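This is what each chain is made of:
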Amino acid sequence: MTYAKVIAVTADVAWDVTLLTWGAYAPLQHLMTGEEYHSVCETMRLPNGTIFPLPMVLPVPASVAEAVHPGEDLEMVGRYGFAGQIKVTEIFKRDLLDEAATVYLTTDIRHPGVAHLLSQSPWCLAGDIKVLHPPDLPFHEPVHPGQVKALIRKYQWRTIAAFQTRTTVPHG
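Residues numbered from 1 in each chain as written. Predicted model: local features only at pLDDT ≥ 70, side-chain atom pairs only at ≥ 80, totals over all residues. Heavy atoms only, no water.

Notes on the sheet that holds strand S3 (residues 73-77)
The test is simple: Think of it this way: DSSP has to see at least two bridges between two strands before they count as a pair. Helix and strand assignments follow DSSP, with helices taken as H or I runs no shorter than four residues and strands as E runs no shorter than two, numbered in order from the N terminus. The criterion used for residue contact is that any of the two residues' heavy atoms lie within 4.5 Å. Here the axes come from fitting lines to C-alpha atoms, over the contacting stretch only for helices, and the angles between their N-to-C directions go from 0 to 180 degrees.
If you trace the 5 strands from one edge of the open sheet to the other, you get S1-S3-S4-S5-S2, paired in mixed fashion. Strands with a single pairing partner mark the edges of an open sheet, and in this sheet they are strand S1 (6-8) and strand S2 (58-59). Sheet topology places S2 next to strand S5 (residues 123-133); 2 bridges connect them, and they run antiparallel. Bridge assignment links Pro 59 to a residue of S5, and that residue is Cys 124. With respect to the sheet, helix H1 (residues 11-22) is in contact with S2, S3 and S5, its orientation differing from that of S5 by roughly 70°.

Structure follows, in structure tokens:
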């Protein structure tokens, strides 16, 4: 399928989209709508009450937000070979300072999360996503979240511990 519109995404967005499709951000299965975004920022919960601590959005430049319409299929491309698709369901604008204050409890740009957030566009696309090619990994990725869940069921594990480092993939 050929898409009329292609958007470039950052490495961070490519990884978030990939992890979202792998089930790492369950129960979320799509990029957040405006309602979901505001609910998470205000209450750390999805509208259905499920705890979800951070917004999962696709920031785009204002020029893209103005040119795109709900119902459109867009191609996403990014670094490290990432390729994906989004079926746009909504375009919305967020208040970045309000998001920083409610999510990080500060608007101080010395906070790395706030600095990163304020460097983004306030415009976002919501919608269903598909990853055609995940970003290439500089190392072997042994198990995806769905595979971990299957192992837990298979071995009937009742106690599970996990460890995640912050800089396991290249950023940019």
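On we go.
A few points about the side chain of Glu 36
Put simply, the rule is: Relative accessibility decides the category of a residue: with a 1.4 Å probe and only protein chains considered, values under 20% of the type maximum give buried, values over 50% give exposed, and everything between is partly exposed. When charges are counted, Lys and Arg are positive and Asp and Glu negative, with His and the chain ends excluded. Salt bridge, as used here, is a side-chain nitrogen of Lys or Arg placed within 4 Å of a carboxyl oxygen of Asp or Glu. Here a polar contact is taken to be a pair of N or O atoms separated by no more than 3.5 Å, where protein atoms must pair a possible hydrogen donor with a possible acceptor and residues adjacent in sequence count only if both atoms sit in side chains.
Assignment of secondary structure puts Glu 36 in helix H2 (residues 34-43). Salt bridges are absent for the buried Glu 36, whose nearest opposite-charge side chain, Arg 94, sits at 13 Å. Only 3.0 Å separates the side chain of Glu 36 from the side chain of His 30, close enough to count as a polar contact. Leaving out residues up to four positions away in the same chain, Glu 36 has contacts with Leu 28, His 30, Leu 31, Leu 46 and Pro 47.

What to know about the pattern of salt bridges
Inspection of every chain in the model, using the stated rule, returns 4 salt bridges. Glu 72 serves as the salt-bridge partner of Lys 5, at 3.1 Å between the closest nitrogen and oxygen. Taken as a pair, Lys 5 in the segment before S1 and Glu 72 in the loop between helix H3 (62-67) and S3 lie far apart in primary sequence, 67 residues in all. For Asp 73, the salt bridge goes to Lys 87, with nearest N and O atoms at 3.7 Å. Residue Asp 73 is found in strand S3, and its partner Lys 87 is found in strand S4 (residues 83-93); the two are separated by 14 residues along the sequence. Exposure remark for Asp 73: the relative accessible area of 33% places this residue in the partly exposed category.

Here's the deal with the pairing of S4
Summarising the sheet, S3 and S4 pair through 5 bridges and their orientation is antiparallel. Considered in S4, the bridge of Met 76 is made with Gly 84. Hairpin connection, S3 to S4: the antiparallel pair is bridged by 5 residues, and Tyr 80 has positive phi, about 60°. As defined by bridge partners, S4 adjoins S5 across 10 bridges and the pair is classed as antiparallel. Following the sheet pairing, Val 88 is matched in S5 by Gly 127.

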